[in-house]
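Structure assessment
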Amino acid sequence: MKVGLFIPCYIDQFYPQVGIATLSLLEKLGCEVVYPQGQTCCGQPMANSGFEHLTGGCNELFVKNFADFDYIVSPSGSCTLHIKDHLHVHDKEDAATHIRQHIYELSEFLTDVLQVKHLSARFPHKVGIHQSCHGQRGLHLSQMTELVAAPYSKPEQLLQMVEGLELIELTRKDECCGFGGTFCVFEEAVSVKMGKDRIADHEKHGAEYITGNDVSCLMHLEGILKRQQSKVKVLHIAEILNAAF
Amino acid sequence: MEPTTAHKEHAELAADFNKDEARVDWHDETLWWVRQKRDKMAWSLPEWEDLRETASRIKFNVLGNLHDYLLEFEKNAQLNGATVHWAADAKEHNEIVLKLLKEQGVQRMVKSKSMLTEECHLNPFLAEHGIDVIDTDLGERIVQLAKEPPSHIVLPCIHKKKEEIGDLFHIHLGTPAGNADPKFLTAAARLHLRKEFIQSHVAITGVNFAVAETGEMVVCTNEGNADMGAHLADVHIACMGIEKIIPQRKHLGVFLRLLARSATGQPITTYSSHFRKPGAGRQLHIVLVDNGRSRQLGREEFRNSLKCIRCGACMNTCPVYRRSGGHSYHNAVAGPIGAILAPNLDMKENADLPFASTLCGSCSNVCPVKINIHEQLYQWRQVIVQEGYAKTSKKASMAMMNMVLSRPTVFKTAGGVGRWVMRHFPGVVNNGMNPWYKQRDMPEAPKESFADWYKKNKQ
């Protein structure tokens, strides 16, 4: 099984450790992983700002980099969803379709494709999950509280395999953190307020760490936590699933 | 040319609202409480998701055959003895109402809550012509006394605290200063409104559902104010958007079960009143209003927005609405649904609204008629930019982003330079010009990117 590793632009630049943990985890689980060097960004920042017509270059690049893999895996629900919903290239539509149908966010790849039943990871801490909206409501990584339907959670299922890890309950299980792509700068006031409230929910229930499937949301929460000089830290789920603390 | 609007944009109005953080917390908690009541009620019906699907499909049928259902409704309403009027837009709607009021020679009349008349700005129009409108929904009356528009379609004065209402009633209704007891204030409002009901010759109501098969209308209220107005007045004017049609009476059960549960977490509204024919010697007028609805019907990607039954659930669940306040949407219908309806009414004035969202998708999940609200928000953003309503600065930054991101070498170089600058001259990014930095720290810039690490360690 040949896996193409898609590391979104901001993870590449600011959170290389997340990319390293993702790669290491996939290799530990027996995947043959390749990171195509020519990759940049999925194009979502432009598309979500109303400039989808400017994403042609990113789309072509994406197809060029990832057309030849059985699966494409990424440690970001939001970028994965963008590709799944919006990747089109006029003269390479077959390749684009293959990618759209075979791109996975990391945790769903682990639960649904690799069907991982146990992990050799240890992380003896109290952890809260921030369910990023695009992963949760877009990729259906976990059930949504608005729907009258049986609960499930792919990230939770994986975190429960980690030795010593204690998951905390939240009052608002799946409230948005307010990152929202360019929303975080164009609507700064509301964005920060939402982030503060999200953090307060985790702190109130004793979280030592906030984890999630999207570094973007975690980056936003981390920015506020640091400004508040909070002791709570953020870690991407790959870092915990790959942990041997 | 920079597009300019007559009002502040959502981001700025929401930032103003956020200056009082305690108030934002209170607003957020109040609406979240309603969302929780809604959840409880939804979970009490195992068939909830089926009901949503059924409602969505009934409305799909309605929108596909709207022409026929409207004519069927008109015919049956006329057979029942009602007079049917057609209004192409808000102006025509207001003029029809004014003409009817002039015929009756009234200078004052009662109105039950109607978001359509808000959309058409009926009250100020009638005021210009010397006619006083008394809003009779309690929340609506409160905002009317405060000279404000409603901030929520179901809970119009949800942004007001009881103490503020006590002050308003003291000034306008003569209640004792400092009395903010909700029970007392409600009783005072009841006495005040009763006088208006008894004296009114004409009553205006909205319409929740109009049944094509029978030519009847259903109006849902919790206070019975629509009934009080319509039953006591000699002339009842019902104003409705053309999308309020449902085919048959039997379909009502689906919508009545969904509406109140989604809106307030009640199993059903206290009053679901059917109006079919005028009483002896009385008149019933029905005004069918288009006001952009047929235009929206013709836009395939936005057509579903016309399924809306105005329950407000999307507002209660919206994390942005809860922390922005309804007035920040500067439109009769606020929140997520307002943000997809408003650009159809005036794209330039409302170009900011589809951007007032994180696209989290909670709105689409609570919607009782399954409108894909967050997908339409995304689509509106594309249309608004294509139509030229994006700011020059945004256009420039997006073009720059495209240039960098579609060229791997430029991206790599720019990223490296950017991180180097952040490490050595943090002041370049950590300053007042950077909206991220205002209340958040920037992420730490590592020496090497993942691509650098990979090249060094894996190749």
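Residues numbered from 1 in each chain as written. Chains lettered and ligands numbered in written order. Predicted model: local features only at pLDDT ≥ 70, side-chain atom pairs only at ≥ 80, totals over all residues. Heavy atoms only, no water.

Some remarks on the overall build of chain B
The secondary structure content of chain B amounts to 22 helices and 10 strands. Counted over contacts in chain B with a minimum sequence separation of 6, partners at least 24 positions apart contribute 74%. Element-wise, carbon and sulfur atoms account for 55% of the exposed surface of chain B, whose accessible area totals about 19600 Å². Computed over 58 positive and 52 negative side-chain charges, the separation of the two mean positions in chain B equals 4 Å. (Helix = DSSP H or I, 4+ residues; strand = E, 2+ residues; numbered from the N terminus. Contact = heavy atoms within 4.5 Å. Areas by Shrake-Rupley, 256 points an atom, 1.4 Å probe, with all protein chains shown as cover. Lys, Arg positive; Asp, Glu negative; His and termini not counted. Charge placed at Lys NZ, Arg CZ, Asp CG, Glu CD.)

Quick notes on the UniProt feature "domain: Cysteine-rich" (unreviewed entry) in chain A
Residue and element names in this part refer to chain A. Residues given the UniProt feature "domain: Cysteine-rich" (unreviewed entry) here are residues 3–84 and 127–221. Counted over residues 3–84, helix gives 52% and strand 12%. Its end C-alpha atoms are 16 Å apart. The span residues 127–221 is 42% helical and 11% strand by assignment, and the distance between its end C-alpha atoms comes to 14 Å. (UniProt positions renumbered as here; feature names shortened; annotations may be inferred.)

As for the sheet that holds strand β3 (residues 71–74) of chain A
Sheet strands associate in pairs through backbone hydrogen bonding, adopting either a parallel or an antiparallel arrangement. Residues and elements named next belong to chain A. Pairing is parallel across the open sheet formed by four strands, whose spatial order is β2-β1-β3-β4. Looking at the sheet topology across the chains shown, the edges are occupied by β2 (32–34) and β4 (103–105). Going across the sheet, the axis of each strand differs from the next one's by a mean of 35°, ignoring polarity. Here strand β1 (residues 2–5) runs beside β2; their pairing, made up of three bridges, is parallel. Of the residues in β2, the one forming a bridge with K2 is E32. Across the sheet, helix α7 (residues 106–113) is in contact with β1, β3 and β4; its angle to β4 comes to roughly 105°. (Pairing = 2+ DSSP bridges. Axes fitted to C-alpha atoms, helices over the stretch in contact; angles between N-to-C directions.)

What to know about the pairing of strand β8 (residues 233–236) of chain A
Residue and element names in this part refer to chain A. Sheet analysis places strand β7 (residues 209–212) next to β8, joined by four bridges and oriented parallel. Across the sheet, residue Y209 finds its bridge partner in β8, namely K233. Assessed by its sense of winding, the connection that carries the chain from β7 through helix α12 (residues 215–227) to β8 is right-handed. (Right-handed = clockwise from strand over helix to strand, strands pointing away.)

What to know about the environment of Q266 of chain B
Residue and element names in this part refer to chain B. Locating Q266 in the fold gives a position in the loop between α12 (252–263) and β9 (271–275). Apart from residues lying up to four places away in sequence, Q266 is in contact with M41, N222, A260 and R261. Here the side chain of Q266 touches N222 through a polar contact of 2.9 Å, side chain to side chain. (Polar contact = N/O pair within 3.5 Å; in protein donor to acceptor, adjacent residues only side chain to side chain.)

With respect to empty space enclosed by the protein
Residue and element names in this part refer to chain B. This model, assessed by the stated rule, comprises five cavities of 30 Å³ or more. Counted as a void, the largest cavity has a volume near 90 Å³. In terms of lining, the largest cavity is formed by 15 residues, of which the most central are C308, C311, C314, C367 and P368. The calculated volume of the second largest cavity comes to roughly 80 Å³. Sorting the residues of the lining of the second largest cavity by element identifies α15 (319–322) and α18 (373–386) as the ones contributing at least two each. Here the residues of the lining of the second largest cavity are counted per class, giving eight nonpolar, four polar and no charged. (1 Å grid on protein atoms, 1.4 Å probe; cavity = no way out; pocket = protein on both sides within 12 Å on 5 of 7 lines; lining within 4 Å. Points joined across faces, edges and corners; volume = space filled by probe spheres on them. Nonpolar A, V, L, I, M, F, W, Y, C, P; charged D, E, K, R; others polar.)

As for the packing of aromatic side chains
On inspection of all chains with the given rule, the structure shows 17 aromatic pairs over all chains. Each ring, one from F179 of chain A and one from W436 of chain B, has its centre 6.5 Å from the other, and the planes form 70°; the classification is edge-to-face. Of this pair, F179 of chain A sits in the loop between β6 (166–167) and α10 (183–186) while W436 of chain B sits in helix α21 (residues 435–439), which puts the two residues in different chains. Across the pair, W436 of chain B and F179 of chain A agree in class, each one buried. Look at F209 of chain B and F255 of chain B: their rings are 5.6 Å apart centre to centre, the planes differ by 35°, and that puts the pair in the tilted class. With F209 of chain B in strand β5 (residues 209–211) and F255 of chain B in helix α12, the pair connects residues that are 46 residues apart, well separated along the chain. F255 of chain B carries the same exposure label as F209 of chain B, and that label is buried. Taken together, the aromatic side chains of F6, F62, F66 and F69 of chain A make up a single cluster linked through ring pairs. Against the face of F69 of chain A rests K2 of chain A, its NZ or CZ located 5.3 Å from the ring centre. Looking at K394 of chain B, its charged tip hangs above the ring of F186 of chain A, at a distance of 4.5 Å from the centre. (Phe/Tyr/Trp six-rings, centres within 6.5 Å; stacked < 30°, edge-to-face > 60°. Buried < 20%, exposed > 50% of the residue type's maximum accessible area, 1.4 Å probe, protein only. Lys NZ or Arg CZ within 6 Å of the ring centre and 35° of its normal.)

Comments concerning the sheet that holds strand β8 (residues 245–246) of chain B
Residues and elements named next belong to chain B. Pairing within the open sheet is mixed, and its four strands lie in the order β8-β5-β6-β9. Of all the strands in the sheet, the pair left with one neighbour each is β8 and β9. Taken together, the five bridges between strand β6 (residues 216–221) and β9 define a ladder with antiparallel strand orientation. For M217, the partnering residue across the bridge sits in β9 and is F275. The strands touched by α12 within the sheet are β5, β6, β8 and β9, with β5 carrying the most contacts at an inclination of about 175°.

Considering the side chain of N344 of chain B
All names here are of chain B. Checked against the element boundaries, N344 lands in helix α16 (residues 335–345). One polar contact links the side chain of N344 to the main-chain carbonyl oxygen of G292, over a distance of 2.9 Å. Among the polar contacts listed, one links the side chain of N344 to the side chain of R299, at a separation of 2.7 Å. Setting aside anything within four residues of it in sequence, one finds N344 in contact with G292, R293, R295, Q296, R299 and W380.

Side note on the domain arrangement of chain A
All names here are of chain A. Its domain assignment divides chain A into domain 1 (2–113) and domain 2 (126–242). Contact with domain 1, which involves 28 residues of that partner, is made by 21 residues of domain 2. Buried area between domain 1 and domain 2, summed over both chains or domains, comes out near 2000 Å², and the portion from carbon and sulfur atoms is 63%. Applying the counting criterion to the domain 1 and domain 2 interface returns one salt bridge. With a closest N to O distance of 2.7 Å, D112 and K154 form a salt bridge. Taken together, the links from domain 1 to domain 2 amount to 14 residue pairs in polar contact (both at pLDDT 80 or more). In terms of residue count, the dominant contributor to the side of domain 1 that touches domain 2 is helix α2 (residues 16–28) (seven residues). Across the side of domain 1 that touches domain 2, the residue classes tally to 11 nonpolar, 12 polar and five charged. (Domains from an automatic or database assignment. Buried area = accessible area lost by both parts, 1.4 Å probe. Salt bridge = Lys/Arg side-chain N within 4 Å of Asp/Glu carboxyl O.)

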